[in-house]
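A closer look at the structure
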Amino acid sequence: MMIPRSLFLLFLAGMIPSSLLSAQRSDTLLIRNTGKDAMANAIMGDTLANGGRADAKRVYLLTRGQRYVNTRPIVANGYHLRIAGQPMPVAGKDPGPAVVQLAPDSLRLLDSDRVTDRIIVARGDLTMSNVWVLSWIASGAQLWEPITEEKDSTRVTIDHCIFEWQEGPAFHLSGRWTNVFLTNNLFRNAIYKDEWWAGRVVYFTSPADTLVEVNNTLENVGFGLIQSQGIGLNYYFCDHNTVVNCAKFCWLESYYRNAYIANNLLVNSHFTGERMKDRKYQDPGTLLYGQTINLDTLKTPGRRITPEEAIRVYGSDAVQFSDQMTLSPTDPQELGRTVVYLNNATYFDTTSFYGFYRKYNASVSTDAERIFPEPVMNARTESMWAWHPHMINRGSVDGENPHFKVMPDNMRLILAFLEDMYSDSPKNNVFWGYDPDNAKDPAAAKNTTGVYRNSSRGIYPSREDFSYSNPMLLKAGLDGYPVGDLNWFPDRVKSWRAEGDAASMRAYVKQRGIRHN
């Protein structure tokens, strides 16, 4: 198998053409007014009476350092929505990216039993760069899913953006056969105090074509880089991402068709551990899910369970199926899969988390209630590297502390969150994100430091710094590059090219005899 040409269009053509960011384009509209709904009015006001657009190629340019507050979602029906914040200045003081946020009195969209405010509802292609999507409302509420894509066969392209404080996914893709490209983004504090199955980056609830994730950082999230959970994903390319403090699954998918995963750095992934009673409906075989990738042989489609039924039966609205049958390992569909897992690194703070597990386990009386720490991969996944002709695991490293330059100091809050969630009567009152400017409960917090333009949430620039000094990890990636998000290593990212990593992965696939170490 070869990585399809469509997967490289992002890199060959450039993530976002420089012309998209240029205020000199005749089709660029600079939104200077930051009064309430100025952004929503400008975008939605370009729709003509006949449903067409005043300018189908228009780029909406947001002023750097300004805040755009909307009282209602921006609904883009059937057109390509392009939003660009002004890029970082070459010299002088940087006021930070343009911020997009909902007002306290924003329109609320009721979705089953959740109130799910949305900033953007896309029903066409979406391109966005240099924007800070802040899912925090000054009244104290968090958004569940700030951006949704509802149309089939669309393309979502997101570059150099910050997403912070959403309770659910940053992106919910319900349209079929979408193509999603996420590069150079920061996803921070995507948490929900009521549960650990929340705070995601991307969530597919319909079969998807392509997901590309390159040079992103995830910090303090419930889930990690993907949740598709057997819904169907044709191509996945995941390269040079850093994930720090992930409560549950970094990759919630076991049935990749074509997946190329390399050079990622995972620190404290799946830190909740698992009890036996937690494993049902998580791992397909009720094994420990693992800190990293989880693989299983393909299954027949079965019946998709409605979100309402899933909540009633499983206690979660995550994608679930029933009446499935496991395919034979020799089935042509199974043998047609390709999974390449190269030069990834994991580190787990055993001192902090194992100490909590031991304390908790001493208080319970049955094995079903005990917390078990996660292996890097479970036994079924390890076995598939051995027998599957097109699944390859090489060069990964475990147990090396990267020694980040500035690690977020929220471990006390993480352990408090675990203590609450594992208690018999959780109070659901622990916000465990890294929030140095607002250490109080967010419902009562307001920034008085002036660091973040009188906001109730957020800091810029980031206090954390995920560059690191571990000499092994600094050259553990393909071609001797550091593992993780290369944006933390400005000198190295200049010479790096995604095409080189992709070519290396293709070369491994060609060498059919290669197996894992």
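Residues numbered from 1 in each chain as written. Predicted model: local features only at pLDDT ≥ 70, side-chain atom pairs only at ≥ 80, totals over all residues. Heavy atoms only, no water.

A few words on the overall build of the chain. Looking only at helices and strands, the chain features ten helices and 34 strands. Counting only contacts in the chain whose residues sit at least 6 apart along the sequence, the fraction spanning at least 24 positions is 76%. Carbon and sulfur atoms form 52% of the exposed surface of the chain, whose accessible area is close to 20100 Å². (Helix = DSSP H or I, 4+ residues; strand = E, 2+ residues; numbered from the N terminus. Contact = heavy atoms within 4.5 Å. Areas by Shrake-Rupley, 256 points an atom, 1.4 Å probe, with all protein chains shown as cover.)

Every buried residue of helix α7 (residues 379-387) is listed here: R380, T381, M384 and W385. What you see down the axis of α7 is that its buried residues fit within an arc of 150°, all on one side. Tucked inside the fold, the buried residues of α7 contact α5 (332-335), β29 (338-342) and β31 (391-394). With a side-chain oxygen positioned 3.3 Å from the backbone nitrogen of R380, the residue opening α7 is N378. (Buried < 20%, exposed > 50% of the residue type's maximum accessible area, 1.4 Å probe, protein only. Arc of directions from axis to C-beta. Polar contact = N/O pair within 3.5 Å; in protein donor to acceptor, adjacent residues only side chain to side chain.)

A few words now on the sheet that holds strand β17 (residues 186-190). Backbone hydrogen bonds are what pair the strands of a sheet, in a parallel or an antiparallel way. One open sheet accounts for ten strands, arranged β3-β6-β11-β14-β17-β20-β23-β26-β30-β32; its pairing is parallel. Sheet topology places β3 (67-70) and β32 (397-398) at the edges, where each strand pairs with a single neighbour. Direction of pairing for β17 relative to strand β20 (residues 217-221): parallel, over a ladder of four bridges. Paired with L186 across the bridge in β20 is T217. (Pairing = 2+ DSSP bridges.)

This part covers the confidence of the model for the chain. On average, residues of the chain score 85 in pLDDT, and 81% of them reach the 70 mark or higher. Here residues 439-457 is modelled with pLDDT under 50, and outside its nearest four sequence neighbours on either side it reaches 50 contacts, counting other chains as well. Ignoring residues within four places in sequence, the model shows residues 513-517, a span with pLDDT below 50, making 17 contacts including any to other chains. (pLDDT = per-residue confidence, 0-100.)

Applying the stated criterion to the full structure yields zero disulfides. With no disulfide partner, C250 has as its closest neighbouring cysteine sulfur the one in C246, 5.5 Å distant. (Disulfide = S-S within 2.5 Å.)

The backbone of W165 sits at a positive phi, close to 75°, despite the residue not being glycine. Topologically, W165 is positioned in the loop between β14 (162-164) and β15 (169-173). We note that W177 has phi near 60°; this positive angle belongs to a residue other than glycine. By the secondary structure assignment, W177 is in the loop between β15 and β16 (179-183).

This part covers the environment of W387. Within the secondary structure, W387 sits in helix α7. In contact with W387, other than residues within four places in its own chain, are T297, P329 and E334.

So, on to the pattern of salt bridges. As a working rule, side chains carrying opposite charge can pair if their charged atoms are close by. Taken as a whole and judged by the stated rule, the model has 13 salt bridges. A salt bridge links E464 to R188; the nearest nitrogen and oxygen atoms lie 3.4 Å apart. Of this pair, E464 sits in the loop between α8 (411-421) and β34 (465-468) while R188 sits in strand β17, and the two are 276 residues apart along the sequence. Two residues, D283 and R380, come together in a salt bridge whose shortest N-O distance is 2.8 Å. Placement of the pair is D283 in the loop between α3 (276-279) and β27 (303-304) and R380 in helix α7, with a sequence separation of 97 residues. Exposure remark for R380: the relative accessible area of 15% places this residue in the buried category. (Salt bridge = Lys/Arg side-chain N within 4 Å of Asp/Glu carboxyl O.)

As a further point, take the sheet that holds strand β19 (residues 208-214). The strand order β1-β2-β5-β10-β13-β16-β19-β22-β25-β29-β31 describes an open sheet built from eleven strands, whose pairing is parallel. Edge strands, defined here as strands with exactly one partner in the open sheet, are β1 (28-31) and β31. Geometrically, the sheet is characterised by an average inter-axis angle of 10° between neighbouring strands, direction not taken into account. Judged from the five bridges that link them, β16 and β19 form a sheet pairing that is parallel. Each residue of the ladder has a partner; that of V180, found in β19, is L211. Sitting on the sheet, α7 is in contact with β29 and β31, with an inclination near 110° to β31. (Axes fitted to C-alpha atoms, helices over the stretch in contact; angles between N-to-C directions.)

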